[in-house]
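Descriptive analysis of the structure
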Amino acid sequence: MTGLEIGTIAVVPMLVLIYLGMHISIALMLVSMISIAMLRNSELATRMVAAAANDSLSSYLYGVVPLFVLMGLLVVVSGVGRDTFDVFQWLLRKIRGGLGIATVGANGIFASITGISVASAAVFTKVAVPEMRRHGYTAKFSVGVVASSSVLGMLIPPSLLMIVYGVLAEQSVGRMFIAGIIPGIILALSFCGVIMLLAWLSPGFMMQSQTDTGEALEDPIEETPLTLVSKLTPILLLMLLVLGGLYSGFFTPTEAGGVGAFGALLLALAKQRLTPGKFYEVLGETGYVAVSILFLILAASLYSRMLALTGLPMSIAQAVTTMDLTIYHFLALYLFIIILMGCIIDSVSIMLIVLPIVLPIAQHFGMDLIWFGVITVVAVEIGLITPPFGISVYTVKAALNDKTVPVKEIFKGVVPFFITMVVVLIILSAFPVLSTYLAYRY
């Protein structure tokens, strides 16, 4: 078989193996090694694995992965997620749909430190859903707003998906982080706007009783300005330390991760919520998550080399050129495929499979790869809440552990937010400056 035939056929068994449950990194490496052996020989396949490991993981840049993961997990342990929600709940207590907006706001701030959507979904399922249910909100809205707002962690920096994209596209991770600020704010504000619209246009979707708008109920704990400031100050200081140092150029992304992890450790110790046993669990979970991501990067590097040997990416780029597609035709087709793939496989897998093929095409069209990365991340985020995979939905379901709230109810709850994300994706695609303005300004 020719290289093009091998490259084309290789994609099919890889997707089948992933769908059957094989880990994405194992499937990528297995298919890539077999394909390289068919193209050349088995000895070259073995040597390319070693070369991919050396080239893709020896960089100082990759220290950012375990450091940001450690920071995020320490923030979860410290309990600042609950504190942040308490502050927003009190500030928005008189607004119709205020608890939903509070969840989005608290999730946005929490996401700016953790960078992990699954962590946000798990924390706010425990924190926000019981409060919303107690205040008369429907189950589907309560879980829907938590599952949807948790995806902000993949867009608002620091973001693990931004790191993965920066590596694959050979773009500055720091610049990718900065590029996500405005789109992240737009998405968060859009979620808040949709919640306010639902409160007025479809109160039955949001509230269990038409007469209960959730705006007059008292908090069980009396909050004072002093307690509110004490709850919000730690997370704001950590944000200022990490993001301020990163955006000012004082820290590299890796240094920002190290400083943030140390700050989160001090925060957890100060709140007396970090026991030796819990710290051991955090370190173990950090290692597990970081190694999984780094192994994925290794597998993606080998997969990219295999595709380069087959010549498939350049052939596809040439085929697209002969089809006389405009940049918007290509973009619409690409984003549709990304969202469709999100229905069956996870976000990192989508990026690892698709990006090595489409990046040459994006460069052929002269697209800015920073902007292309932002809209890719948003499209991939949509997959986090779409059936049947919807990892954020299943995280909420597992954390909730309530048999009275089936998975289909959670998917119903995310429908308005799914539509909102599609609209925001169209806006970001039409106006690249929203993604690139800050990235190239600083």
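Here's what I pulled together on the structure shown here.

About the criteria used
- Per chain, the residues get numbers from 1 upward, laid out in the order the sequence is written.
- Where local features are concerned, this predicted model is filtered to residues with pLDDT of at least 70; where side-chain atom pairs are given and counted, the filter is 80 or more; whole-chain, interface and lining totals use all residues.
- Heavy atoms throughout the structure, all of them, feed into the side-chain values; hydrogens and water do not.
- The term salt bridge refers to a pairing of a side-chain nitrogen on Lys or Arg with a carboxyl oxygen on Asp or Glu at a separation within 4 Å.
- Numbering of helices and strands runs from the N terminus, with a helix taken as a DSSP run of H or I at least four residues long and a strand as a DSSP run of E at least two residues long.
- Partly exposed describes any residue whose relative accessible area lies between the buried limit of under 20% and the exposed limit of over 50%, with all areas from a 1.4 Å probe on protein chains only and scaled to the type maximum.
- Exposure above 30% relative accessible area and the absence of a salt bridge qualify a residue for a patch, where like charges join within 9 Å and nonpolar side chains (Val, Leu, Ile, Met, Phe, Trp, Tyr) within 5 Å.
- Reported accessibility uses the Shrake-Rupley method at a 1.4 Å probe radius. Residues are deemed covered only where the shown protein chains occlude them.
- The arc in question is traced by the directions running from the helix axis to the C-beta atoms.

Regarding the pattern of salt bridges
Throughout the structure, instances matching the rule amount to three salt bridges. Here Asp86 ties to Lys231 by a salt bridge, and the two come within 3.0 Å at their closest N and O atoms. Note that Asp86 is positioned in helix H5 (residues 80-91) and Lys231 in helix H13 (residues 225-247), a separation of 145 residues in sequence. Taking the relative accessible area as the measure of exposure, Asp86 reaches 16% and is therefore buried. Across the salt bridge formed by Lys412 and Glu409, the nearest N and O atoms sit 3.3 Å from each other. Here Glu409 and Lys412 lie together in helix H21 (residues 407-430), a separation of three residues that amounts to about one turn.

Digging into a nonpolar patch on the surface
Judged by side-chain polarity, Val415, Ile419, Val423, Ile427, Phe431, Val433 and Tyr437 come together as a nonpolar surface patch covering roughly 620 Å² of accessible area. Secondary structure elements with two or more residues in the nonpolar patch: H21 and helix H22 (433-441). If one sorts the elements of the nonpolar patch by residue count, H21 sits on top with four residues. Since its relative accessible area comes to 42%, Tyr437 is described here as partly exposed.

Digging into helix H20 (residues 391-400)
Buried within H20 are the following residues: Ser392, Val393, Thr395, Val396, Ala399 and Leu400. With its buried residues spanning 160 degrees around the axis, H20 presents them on a single face. Where H20 terminates, the next one or two residues include Asn401, which has phi positive at roughly 50 degrees.

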